[in-house]
Amino acid sequence: MSELLRVERLRVEYPVRRRPPLRAVDDVSFAIGPRETVGLVGESGSGKTTIASTVLGLVPAAAGAITFDGHDIIGASRDRRRRLSADLQVVFQDPYSSLNPARPIGKTLAETLRPHGAPPKQEVAGRVASILERVGLDPAAANRYPNQFSGGQRQRIAIARALIVGPRLIICDEPVSSLDLSVQAQVLNLLRRLQHELGLSYLFISHDLAVVRHISTRVVVLYRGRVMEAGPAAVVYNHPAHPYTRALLQSAPVPNPKLQRARHTARQRSNPDFPGAVKPESCPFTPRCSWAVDLCRERQPPLENTGDDVLVACHRWREFAAPPPTGTNGTKLVNRPRP
Amino acid sequence: MSFLRRLLRRPLALACCAYLAIVTAVAIVAPIVMPSVNSQDAGDLFAANQLPSWSHLLGTDTLGRDVLSRLLVGDRVTLIGVVEALVVLLVLAVPLGLAAGYLGGWTDRVVTWLADLTFSLPAVVIIIVVLSVFPASMLAGMVTFGVIAAPGLMRIVRSATLPIREELYVKAAEASGLSRTYILTRHILPRIAGVVIVQASLLAAVALGVQTGLAFLKLLVAAPAPSWGGMVADGTSVLLLHPWLIVPPGAAIAITMLALSLLGDTVRDATVENWSAPVATRAATKARAKAEAQARAETAPPAEGRLLDVRQLSISFLGRERDVRVVEDVTFDVAAGEIVGIVGESGCGKSVTTAAIVGLLPGSGRIDGGSIWFGGKDLSRASEADLRALRGRKIGFVSQEPMVSLDPVYRVGAQIAEALRQHRGLSRPAARARTLELLRDMHFTDPGAVAVRYPHEISGGMAQRVAIARALAGEPELLIADEPTTALDVTVQAEILELLRELRTTRQMAVLIVTHDWGVVADLCDRVVVMYAGQIVERSDTQSVFDTPLHPYTEALLASNPHLAPEAATLPVIPGTVPPPGSWPAGCRFSARCRYAVPACSAHAVPIDAPYQAHETRCIRVDQLIKP
Amino acid sequence: MNPVLRVMARRCVMAVPLLFVVSALTFLLVSLTPGNAAQEILGTSATPAEYAAFNRALGLNLPLYEQYWDWLRHALTGNLGQSIFTGQPVVQAIGQRLPVTLSLLVGALAVSAVIGVGLGVFSALRGGAGGRAADVLALIGFSLPAFWVGAELIVIFAVWLNWFPATGYVSVSDSPAGWLRSLILPVAALALYGIASLAKQTREAMLDVLASEHIRMARVNGISPVSIVFRHALRNASIRVVTVLGLLAVGLLGGTVLVENVFALPGLGSLMVTAATQHDLPVVAGMVVYFTVIVVAINLLVDVAYVWLNPRVRVR
């Protein structure tokens, strides 16, 4: 399979005074092919935004490799980044700060073309107009300022800004999280349509598993910088193999009152107040996991293939066809579930 | 509108600029027109120390020289001193501040360290020493001042640059491969220009003070050339006999400093204005709001006696030109021990409604219709004292952002204890014990460890639980929660929702929750109220709304929810956008986007009707939605 | 380590190289002067032999780094040399004048803090016309130069009303009442700027804090207005005000030089000016050291207060 983007065993660290550095991203690997969408799912601190920043070259990588079109892009020169941005673009979460409030949006869109050889003014105006149409906005809007648009419209402009150079891969960092529900649907549909029309690939980052499932081919579930589970979106969503994925799915309330009430009893509560630092040798989910045993604290679980094209990082994944936890095989549970 | 034009529209700014323009003009012209003044050792000694007269408009000084002409000629040297200092300041501080703020890392550390060092220097002493090396050299003195004052401006530029560097559009520009210089000059510099101009004019005022001070000490300008500071010194030497002489130069200095400071202030106001909409003058609108509230006719309390009864509530915001209604004719109630959800999208008025219940509308907001019945009183007409008696004691409130809803300088336990002492009159030890109990109720496993932490030392989920504990300190009957879980991770959200459910059971407490998340509604609420464009469009118990939505908006919203949509299909979408307050159509406000709309929908306002008992909707086409 | 101690340690550590650098620079600068002490004392018509003898006697013929090293050695034992002009030990000369300047500085700071912060809080709470009036007063206070205000105060209060002495200083050991009377006008002249500055900054800080979310939440949960203003708002606002106080103190230190001149107070300022014009190197170097120490002390106090007031910067 020809891949567009491959991330291999990526590690990103942030220096901390007088302590070992914080591993924001640890041993993360995934790949995106043409016309594919890979979703990164996780809560705050999962490292998903850091991964996006590292791919874009905004944050340095401590270890691992990132290749685009087969070429390594970590530590790429400024010039190389410039050329890369013709193929690799980004749409951010916050439609309110992703556009310079002091400039009309036409100028902001035109500016993206600058690093790739400034085409003549006529051509620029034409491309701006056509890209605005493509995202469903009036071309005459090019002269207006960001604060004259709604949140959903600004997000469309942000998508237009990413599209105008004709990229092959767009990183979408929580693109619909700040939008109202009715507008979310519009933007998600737009992203799907563009993928279909232009053959785009997406790296779709979100904390909302339902949204990710809706738009992604494959899903990578992250917790504290490590991959917990990865696999086809539908499989992971419907048959989660990792305790964390299950917790995520259990926690997200579904808009169905009867179903939601039934789920109350099924959930386990086991979150300590101060989980403390994660030791590099243990599974990061140990303090909160209802199924944790001593082994989890001593050794990082490796990513294993379940056979369904799903990778799971859990020592006990084979036991989880049935519901939890009475300590099978006499192993002592580390966290007692609440009565 | 360009910044300059906006600035000059303000009369104060215009006056300052005009004055400074005159001062500059005089500085340039006066020594040319009156060339002898600079070297004039003495005038007519017999006419010394005279008060103003027709021949000498500002009098004469001790050596018989005309004060006015010395004042005008002395303008130049004074102004040049200010300009010298300002140039050095800007040339040093702005690039270094930008570099430190934008590049970060080593550059930042080195520059900041140098700045800290320079900050520890006694400016006045250094300048005097330098002036002793270069006597009467204003350039040396003012340059030294510029260098010593630069770190202050550099710090300000740096801290103005830091947040802009984090702005997403800068990140997007970097990701696009735009060069650093381009980003600095086209994106960052324009954003900090306002700050720099403000500080520059304030620093110019300081430089003027320094220049005149040094001239006063006779260190800067060699006699007999006039300078404003020197003229004050001359006057001071004969102060007891001829007090007039210090007045003209002092006035000149004072007015110029005033103009510079005022200019700085007006520039700051003008820059802020660009990003935000103009706000009506608070005092006037607040007074008007109060008067109008009292003028409304009284209504009778409702018969059924629910815990909270909101009837036909309407809220407007007073503007400079006209008032804008944001909530119209909202009616709902909450019974004791019930959980009611108000659900809607941004701008529908749900948060404003809850703010109105506790009397916390922002200054320009006022209730201009309806009533809010709680505990036998109409809160919309209650005095501030009455409302204060209710807040915390009968009604608790929790808002969206837990990390900023707690005071950062006090430990969280202390903040809960404060509420306990306030509402229940507990002694300090009793309050401390009860705080720990409350924290245990909030499912904290180690309340003692949490209570001594500061808000920035705990996570968002923990902070929200602390905020809830504080809201419950007075044992209220009703807890209002405005989007309490929106800013939290989904696993943490689940805990908070479970906590709220438990509180309802153990304390018989009613909860009014505002949310945009239908999953939260399904999880938590007994009854739900759907708002759209300032109105209630549907109202019923939760199960009915999900099973049979009776308003096209509700139906469309539920349909476009990715949780409910089948996989990999295009999501059904509601076309168009919400009409903002102020542009609400006369008829049904959703009709422009509604697939069942007919001309009758937009003809008149639609009342709420109840096709089923306890399931109400504001739609005349409800028959289209009722599935057989 | 206790965050307060850590802050103090950091300041002190930084102060040592600073003092070296500053004193060395002073030596360098003064040596660059066109004139020199010998000419000042002996006049311009003395013979070269007389100049040389003079310089040899005072060690001024030695190379600069030797002079500096000599000075440094003695300084570390607390001996800052003697004035070339008066022969008086520098430490003594400065020590005599230090109380004057400190009285003026601390007095002006205290008055500025109490009245300025009080005015600021008051105008923040009142708002409307009161706030506007406070703004105007602040603006006027900024714009009037301290030396001019001092002169006018003399005219009004010393000459016309004859309530206070126009010039001169009475030390507190001689007569506390006299000391106070001799300081009232100078402190007033210096404090006007301070009051204006603090009133404005306090008002802005209070308004900012009063608009913050945590104040809104405290209010909505029924915390009394008095608690909100004094326990919460003021405490939060004081973080910003403390930094302003520090800057003000350094600025007022410069202002003392001017005010001492107007009121003929025998403080450090006048000594500084004379010594600098006369190229009296030991005195100048000594002054620089003292002033630097004062500024470092002020910054240290500000740092400590800031860390104490703001839990967010304390790293555990």
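## Some points on the overall build of chain C
Along the backbone of chain C there are 12 helices and zero strands. Reading the helices (α) and strands (β) of chain C from amino to carboxyl end gives α-α-α-α-α-α-α-α-α-α-α-α. Structurally, chain C occupies a C-alpha span of about 85 × 60 × 35 Å along its principal axes. The buried share of chain C, reckoned over its 316 residues, is 50%. A separation threshold of at least 6 residues defines the contact pool for chain C, and within that pool the share at least 24 residues apart is 75%. Accessible surface, chain C as shown: approximately 14,300 Å² in total, 68% of it carbon and sulfur. One way to put it: in chain C the 19 positive side-chain charges average out to a point 19 Å from where the 13 negative ones average out.

## Brief notes about the overall build of chain B
Within chain B one finds 23 helices and 12 strands. Viewed in the frame of its principal axes, chain B has a C-alpha envelope of about 110 × 60 × 60 Å. Counting across all 628 residues of chain B, residues that qualify as buried make up 54%. Sequence-distant contacts in chain B: of pairs separated by 6 or more residues, those separated by 24 or more amount to 69%. Of the roughly 25,300 Å² that chain B leaves accessible, carbon and sulfur atoms contribute 61%. Taken together, the 56 basic and 56 acidic charged side chains of chain B have centroids lying 3 Å from each other.

## Notes on the sheet that holds strand S8 (residues 510-515) of chain B
All names here are of chain B. Here we have eight strands laid out as an open sheet, ordered S6-S7-S8-S3-S9-S10-S12-S11, and mixed in their pairing. For this open sheet the edge positions go to strand S6 (395-398) and strand S11 (609-612), each flanked by a neighbour on one side alone. Geometrically, the sheet is characterised by an average inter-axis angle of 20 degrees between neighbouring strands, direction not taken into account. Pairing geometry for strand S10 (residues 535-541) and strand S12 (residues 615-617), over two bridges, is antiparallel. Looking across to S12, one finds that Arg 539 is bridged to Glu 616.

## As for the state of the cysteines
All names here are of chain B. Taken as a whole and judged by the stated rule, the model has zero disulfides over all chains. There is no disulfide at Cys 16, and the cysteine sulfur nearest it, in Cys 17, is 6.8 Å away. Of all cysteine sulfurs in the structure, the one in Cys 594 sits closest to Cys 619, which takes part in no disulfide; the separation is 6.1 Å.

## Quick word on the domain arrangement of chain B
Looking at chain B, the domain boundaries give domain 1 (2-32 + 59-272), domain 2 (306-525) and domain 3 (552-625). Look at where the C-alpha atoms of domain 1 of chain B and domain 3 of chain B centre, and you get two points 60 Å apart.

## Details of the side chain of Ser 182 of chain A
The topology assignment puts Ser 182 of chain A in helix H6 (residues 181-198). Leaving out residues up to four positions away in the same chain, Ser 182 of chain A has contacts with Glu 345, Leu 557, Ser 560, Ile 574 and Arg 593 of chain B.

## With respect to helix H14 (residues 412-424) of chain B
The first and last C-alpha atoms of H14 of chain B sit 18 Å apart over 13 residues, in line with the 18 Å expected at 1.5 Å per residue. Buried positions along H14 of chain B lie against helix H15 (428-441), helix H16 (447-451) and helix H17 (460-472) of chain B together with helix H10 (225-263) of chain C. Following H14 of chain B by one or two positions, Gly 425 of chain B has its phi on the positive side, about 60 degrees.

## Examining unusual backbone geometry
The backbone of Asp 69 of chain A sits at a positive phi, close to 55 degrees, despite the residue not being glycine. Locating Asp 69 of chain A in the fold gives a position in the loop between strand S4 (63-68) and strand S5 (71-72).

## Comments concerning the interface of chain B and chain A
Taken together, the contact between chain B and chain A spans 67 residues of the former and 62 residues of the latter. There are zero salt bridges connecting chain B and chain A. At the junction of chain B and chain A, the tally comes to 15 residue pairs in polar contact (both at pLDDT 80 or more).

## Thoughts on the interface of chain B and chain C
Contact with chain B, which involves 65 residues of that partner, is made by 67 residues of chain C. Note on chain B versus chain C: buried area summed over both sides is about 5,900 Å², and carbon and sulfur give 70% of it. Contact with chain C buries area across many residues of chain B, yet Ser 120, Val 409 and Glu 418 of chain B alone supply 10% of it, more than any other trio. At the junction of chain B with chain C, the criterion picks out two salt bridges. If you list the elements that add at least two residues to the side of chain B that touches chain C, you get helix H4 (105-119), helix H5 (123-133), helix H8 (180-216), helix H9 (228-237), helix H10 (247-275), S6, H14 and H17 of chain B.

## Some words on the pairing of S11 of chain B
Residue and element names in this part refer to chain B. Here two bridges tie S11 to S12, and the two strands are oriented antiparallel to one another. If you follow Tyr 612 over to S12, its bridge partner there is His 615. Between the antiparallel neighbours S11 and S12 lie two residues, among them Ala 614 with a positive phi of about 65 degrees.

## Some thoughts on the pattern of salt bridges
This model, assessed by the stated rule, comprises 55 salt bridges over all chains. Notably, a salt bridge pairs Arg 527 of chain B with Glu 338 of chain B, separated by 2.6 Å at the nearest N-O pair. On the criterion of sequence distance, the pair formed by Arg 527 of chain B in strand S9 (residues 527-532) and Glu 338 of chain B in the loop between strand S2 (324-334) and strand S3 (339-343) is long-range, its members being 189 residues apart. We note a salt bridge from Arg 216 of chain C to Glu 213 of chain C, for which the minimum N-O separation is 3.3 Å. In this pair, Arg 216 of chain C and Glu 213 of chain C both sit in helix H9 (residues 213-220), three residues apart, roughly one turn of the helix.

## Section: the packing of aromatic side chains
Centre-to-centre distance and the angle between the planes together describe a pair of aromatic rings. Scanning all chains against the criterion turns up 11 aromatic pairs over all chains. For the ring pair Tyr 244 of chain A and Phe 285 of chain A, a centre distance of 5.2 Å and an interplane angle of 65 degrees mean the geometry is edge-to-face. Of the two residues, Tyr 244 of chain A sits in helix H9 (residues 243-251) while Phe 285 of chain A sits in the loop between helix H10 (257-266) and helix H11 (294-298), which places them 41 residues apart along the sequence. Residue Tyr 244 of chain A is classed as buried on the basis of its relative accessible area of 0%. Take Phe 285 of chain A: its relative accessible area is 4%, and that puts it in the buried class. Linked through ring pairs, Tyr 223, Tyr 244 and Phe 285 of chain A together constitute an aromatic cluster. Here Arg 109 of chain B stacks its cationic end above the ring of Trp 106 of chain B, 4.5 Å away from the centre of that ring. Here Arg 235 of chain C stacks its cationic end above the ring of Trp 308 of chain C, 5.7 Å away from the centre of that ring.

Cut-offs and rules
- Residues numbered from 1 in each chain as written.
- Chains lettered and ligands numbered in written order.
- Predicted model: local features only at pLDDT ≥ 70, side-chain atom pairs only at ≥ 80, totals over all residues.
- Heavy atoms only, no water.
- Helix = DSSP H or I, 4+ residues; strand = E, 2+ residues; numbered from the N terminus.
- Buried < 20%, exposed > 50% of the residue type's maximum accessible area, 1.4 Å probe, protein only.
- Contact = heavy atoms within 4.5 Å.
- Areas by Shrake-Rupley, 256 points an atom, 1.4 Å probe, with all protein chains shown as cover.
- Lys, Arg positive; Asp, Glu negative; His and termini not counted.
- Charge placed at Lys NZ, Arg CZ, Asp CG, Glu CD.
- Pairing = 2+ DSSP bridges.
- Axes fitted to C-alpha atoms, helices over the stretch in contact; angles between N-to-C directions.
- Disulfide = S-S within 2.5 Å.
- Domains from an automatic or database assignment.
- Expected span 1.5 Å × (residues − 1).
- Salt bridge = Lys/Arg side-chain N within 4 Å of Asp/Glu carboxyl O.
- Polar contact = N/O pair within 3.5 Å; in protein donor to acceptor, adjacent residues only side chain to side chain.
- Buried area = accessible area lost by both parts, 1.4 Å probe.
- Phe/Tyr/Trp six-rings, centres within 6.5 Å; stacked < 30°, edge-to-face > 60°.
- Lys NZ or Arg CZ within 6 Å of the ring centre and 35° of its normal.

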